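Structural overview
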Amino acid sequence: MNLEILTPESKIFSGEVYGVQLPGISGSFEVLDKHAPMVSALKNGNLKILKDKSATALYTIQSGFVEVLNNKVTVLVEGAKEL
């Protein structure tokens, strides 16, 4: 699936991934390939990109939203920094 992480200033990440773990306002959750469409609010925390079954990348994010639609995940946040 395709993942994009966007802030008001720039595009932080764009590419094909296996999955992504996100800090939702009601708790952390994971989005994998072919996930059902959804929109969720995000809180400050860590976002983990599962590039494949063994490689990951970790970002700290500020609050925002995530949209999952047609096997594309768009993360819109106030700020993000790779750890």
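For the structure itself, consult the block above.
Presented here is a report on the structure given in the accompanying data block. Remember, it's a predicted structure, so these values are computed and weren't measured experimentally.

How each quantity is defined
Residues numbered from 1 in each chain as written. Predicted model: local features only at pLDDT ≥ 70, side-chain atom pairs only at ≥ 80, totals over all residues. Heavy atoms only, no water. Patch = residues over 30% accessible without salt bridge, like charges linked within 9 Å, V, L, I, M, F, W, Y side chains within 5 Å. Areas by Shrake-Rupley, 256 points an atom, 1.4 Å probe, with all protein chains shown as cover. Salt bridge = Lys/Arg side-chain N within 4 Å of Asp/Glu carboxyl O. Helix = DSSP H or I, 4+ residues; strand = E, 2+ residues; numbered from the N terminus. Buried < 20%, exposed > 50% of the residue type's maximum accessible area, 1.4 Å probe, protein only. Pairing = 2+ DSSP bridges. Core = buried A, V, L, I, M, F, W, Y, C linked by side-chain atoms within 4.5 Å. Contact = heavy atoms within 4.5 Å.

Another aspect to go through is a nonpolar patch on the surface. On the surface, a nonpolar cluster with roughly 320 Å² of combined accessible area is contributed by Val39, Phe65 and Leu76. Among the secondary structure elements, Phe65 is positioned in strand β8 (residues 64–69).

Consecutive residues of a regular strand have side chains that alternate between opposite faces of the sheet. Counting buried positions along strand β3 (residues 19–24) gives 5 out of 6 residues, so the element sits mostly inside the fold. In the sheet, β3 pairs with strand β4 (residues 27–32) via 6 bridges, with the strands oriented antiparallel. Bridge pairing in β4 places Gly19 opposite Leu32. Between β3 and β4, which follow one another and run antiparallel, lie 2 residues. Summarising the sheet, β3 and strand β6 (residues 45–50) pair through 3 bridges and their orientation is antiparallel.

Moving on, we come to the nonpolar core. Counting 19 residues, the largest nonpolar core has Leu3, Leu47, Ile49, Val73 and Val75 as the members making the most contacts within it. Breaking this core down by element, the ones donating at least two residues are β1 (2–6), β3, β6, β7 (56–61), β8 and β9 (72–77). In this structure Val73 touches Met1, Asn2, Leu3, Glu4, Val20, Val31, Val66, Glu67 and Val68, once residues within four positions along its chain are discounted.

Looking now at unusual backbone geometry. Despite not being glycine, Asn70 shows a phi value in the positive range, around 55°. Phi at Asn71 is positive, roughly 65°, even though this residue is not glycine. Within the secondary structure, Asn71 sits in the loop between β8 and β9. Overall, the relative accessible area of 27% leaves Asn71 in the partly exposed class.

The next thing to look at is the pattern of salt bridges. Oppositely charged side chains may form a pair once their charged atoms are brought near each other. According to the stated counting rule, one finds 3 salt bridges in the structure shown. Two residues, Glu4 and Lys11, come together in a salt bridge whose shortest N-O distance is 3.3 Å. Asp33 is the salt-bridge partner of Lys34, the closest N and O atoms lying 3.7 Å from each other. Within this structure, Glu4, Lys11 and Lys72 form a network of salt bridges that share partners.

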